[in-house]
Amino acid sequence: MAVLESGRLSGFYGSYDEGFLGGEQVRHLEDEWAVHFGSDNAVAVNSATSGLIAAVGAAGIGPGDEVIVTPISMSATATAIVVWGGIPVFADIEPEYFCLDPESVRRAITPRTRAIVVTDLFGLPYDRVGINAIAAEHGLLVIEDNAQGPGAVLDERLAGTLGDIGIFSLNYHKHIHTGEGGIACTDDDRLADRMRMIRNHAEAVAGGRIADEPDMDLVNMVGFNFRLGEMEAAIARSQLTRLDGLVGRGVSNVRYLEAGLSEVPCLTMPKLRPGASHSYYLHSMLFDESVAGIPRETYVEAVAAELAVTEGRESDGPLVFAGYGVPLYTLPMYSKKIAFGSGGYPFSRSDRATDEMYRPGLCPVAEDVLDRIIVHELFRPPASQDDLDDVIEAFTKVWENRSELMN
Ligand SMILES: Cc1ncc(COP(=O)(O)O)c(C=O)c1O
C-alpha cells in the first residue's frame, strides 16, 4: 500500500545517480535477500532469465568462449550464454540426481572454456564439491541457476550461494513469486557491480565515473532494462518471509506421498544427494515401462484422468506430466544455428564441429532420464492430506488396473 500511495512504481533511472540502483523497495529487498541467503550482494532483476544474462555478461563471456551447461533445464539457462556470443557446450547429467555430472564436465573442458552453468534441477543442489573443484582447477566461474531451488541446502549452505553467482526466479510458477522477477547473488563485489551495470543500460553510464573506478573493466557493457519495479519488490519482501514455511510444507507433503507411492512398483522415487535437502519445485519419478507393461504417456494420462484440477490453474489440467522438455541441444536454435542473423553466429565462432556438439544422442544419460521421467506439482501447498491421499490413490489405482490399458 505504501508503494501504491507513493504513486512511484519504479525508482530506477538509467543514469549514474541516486536512481541507478533502484527504488527504496528494491534496495530493501536486496538487503533482506542478501541477509537471508548469506550472500554479500543481491541484485534484483525482472526475471531469472535477466539474471542469467547479467551473470554471463558480468563474467566477461564473449564470442567463441565456451561455457559448459546442463542439457536438462529451462532453455534460458543456455540461451544466456548465446546472448553474449558464447558457445554452450552440453555435458551429461548424473543418472541419480539429474544435475551436471562432474566427470562429463571434466571431459568437456578445452582451452576456450570460461565458465560452468549448473542448474539445481527440480530443487536439488548440484554437486558443489565435484563441480567447484573442477572450476577451481581450471580457473572457471560457476554460475548456479537456482530458479527452482530456493530454500534447498547443501552442506549447510543455501542453494543459490554454492557457486560464484546464484540466480533465483520470482516468476508465477516458483515457490514464491511476484508475477515476474528474479535475483542474482554473489560474494564478489566486482561481479555484482557489473551485473548492476548490465541491469540498467550499462552503455549509457560506462564512462565518466564508472570508467574511472578501479577494477571495472568495460567488457560486455551492452546494457538492458532488467529493472525490477517497486510493487514487485515490495511483494517479494513479503514473500521471502513465507519461503521457509512453504518449502517445509512441500517437503513434508513429498515425504507423505513417497511413503504412499513406494507400493507402486513401476515408479522410482528421486534420490537425495548426501548432505542435501531438496526444496521440490517439482517432484520427479522415474517410470519403468518394462514393469508397467504400458507406455509412460498412457499411465500419466490415466492418472491425470483420476485427479481434480488445481484451483486457479484449471486450464493447465491436473499438474502431472510425462517428461520434462527436450535436451536443450536438440532445440532448432542449436541444430539449425539460427540464433543471430543467417551466418550461424555465434556458433560460427567456435573451432569445434558444431554439428557434432548439437546432435541427438550427445548426452545419453539425460536423454534416457527424459524418456522415463514423470514430474508433478501435486504436493504443493496448500495441498491437504485428502488431496495427497487422492494422488496416492490415483497412481495406485492406475497401476492396479493397468491391464485394462494394455490394448
Ligand atoms: C531452471 C530455470 N532457469 C531459468 C528460468 C527462467 O526463469 P524466469 O521465468 O524468471 O526468467 C526458469 C523458469 O522456469 C527455470 O526453471
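Bear in mind the structure is a predicted one, so any value in this text is a computation, not a measurement.

Q: When you look at the overall build of the protein chain in this model, what are you seeing that I'm missing?
A: Within the protein chain one finds 17 helices and 14 strands. Against the globule reference of 22 Å for 407 residues, the protein chain gives a C-alpha radius of gyration of 22 Å, in line with a compact fold. For the protein chain, the spread of C-alpha atoms along the principal axes amounts to about 75 × 55 × 40 Å. Within the span of the protein chain, comprising 407 residues, buried residues form 48% of the whole. Within the protein chain, contacts between residues at least 6 apart in sequence are counted, and of these 69% link residues at least 24 apart.

Q: What's the story with the sheet that holds strand β6 (residues 153-154) in this structure? I'm lost.
A: Backbone-to-backbone hydrogen bonds join strands into a sheet, with any given pair of strands oriented parallel or antiparallel. The strand order across the open sheet built from three strands is β7-β6-β11, with neighbouring strands paired in antiparallel fashion. Where the open sheet ends on each side, the last strands, each with one partner, are β7 (157-158) and β11 (276-277). Bridge count between β6 and β11: two bridges; the pairing is antiparallel. From the neighbouring strand, L154 faces β11, where its bridge partner is A276.

Q: Would you mind showing me how to read helix α10 (residues 230-240) here?
A: Given 3.6 residues per helical turn, the α-helix brings residues three or four places apart onto the same face. Among the residues making up α10, those that are buried are E230, E232, A233, A234, I235, A236 and Q239. Close packing links the buried residues of α10 with α1 (2-6), α2 (24-37), β1 (41-45) and α11 (243-261).

Q: Sorry if this is basic, but what is going on with the site of the ligand here?
A: Around the ligand sit 14 residues, and of these S47, A48, T49, M74 and A147 come closest. Breaking the shell around the ligand down by element, the ones donating at least two residues are α3 (48-58) and α4 (76-83). Per-class residue counts for the shell around the ligand are four nonpolar, nine polar and one charged.

Q: Help me understand the packing of α11 against helix α17 (residues 385-400), please; the structure alone is not making it clear to me.
A: Helix-helix packing is characterised by the crossing angle of the two axes and by the distance between the axes. Between α11 and α17, the least distance of the axes is 9 Å, while the angle of their chain directions is 30°. As judged from the angle between their axes, α11 and α17 are roughly parallel. Where α11 crosses over α17, the two elements pack in a sense that is right-handed. Facing N253, Y256, L257, G260 and L261 of α11, the residues of α17 in contact are L388, V391, I392 and F395.

Q: Looking at this structure, I do not really get the environment of D155. What am I missing?
A: Here D155 shows up in the loop between β6 and β7. Sequence-wise, D155 and A276 are 121 residues apart; in three dimensions their C-alpha atoms are separated by 6.4 Å. With residues up to four places along the chain from it excluded, the contact list for D155 reads R128 and G275.

Q: Help me understand the environment of A59 in this model?
A: As for its position among the elements, A59 is in the loop between α3 and β2 (66-69). Owing to 28 C-beta atoms within 10 Å, A59 belongs among the buried residues under this scheme. Spatially, the C-alpha atoms of A59 and L140 are 9.8 Å apart, while their sequence positions differ by 81 residues. Those residues in contact with A59 that lie beyond four places of it in its chain are R114, A115, L141 and I143.

Q: Would you explain the nonpolar core in this entry?
A: The nonpolar side chains of soluble globular proteins are, as a tendency, buried together. Counting residues in each nonpolar core, the largest one holds 116 residues, and the members touching the most others are A55, V56, I81, I116 and A184. Among the elements that make up this core, the one with the highest residue count is α3 (seven residues). In terms of domain composition, this core takes at least three residues from each of domain 1 (2-241) and domain 2 (243-325 + 364-405). Sequence-distant contacts of I81, that is, excluding residues within four places in its chain, are made with V56, I61, V67, V69, G86, P88 and V117.

Q: Teacher, can you tell me more about the environment of A136 here?
A: With respect to the helices and strands, A136 occurs in helix α6 (residues 128-138). Note on A136: 10 C-beta atoms within 10 Å, which makes it exposed. Sequence separation of A136 and N401 is 265 residues, and the distance between their C-alpha atoms is 53 Å.

Q: Just checking my understanding: could you explain α4 for this structure?
A: Across the eight residues of α4, seven count as buried, placing the element largely inside the fold. Restricting attention to buried positions, one finds in α4 the residues A76, T77, A78, A80, I81, V82 and V83. Buried positions along α4 lie against α3, β2, β3 (87-90), β4 (113-119) and β5 (141-145).

How each quantity is defined
Residues numbered from 1 in each chain as written. Predicted model: local features only at pLDDT ≥ 70, side-chain atom pairs only at ≥ 80, totals over all residues. Helix = DSSP H or I, 4+ residues; strand = E, 2+ residues; numbered from the N terminus. Rg over C-alpha atoms; globule rule 2.2 N^0.38 Å. Buried ≥ 20, exposed ≤ 12 C-beta atoms within 10 Å, placed from the backbone. Contact = placed C-beta atoms within 7 Å. Pairing = 2+ DSSP bridges. Near = placed C-beta within 6 Å. Nonpolar A, V, L, I, M, F, W, Y, C, P; charged D, E, K, R; others polar. Axes fitted to C-alpha atoms, helices over the stretch in contact; angles between N-to-C directions. Parallel < 35°, antiparallel > 145°, perpendicular 65-115°, else oblique. Left-handed = near helix turned anticlockwise from the far one by under 90°. Core = buried A, V, L, I, M, F, W, Y, C linked by C-beta atoms within 7 Å. Domains from an automatic or database assignment.

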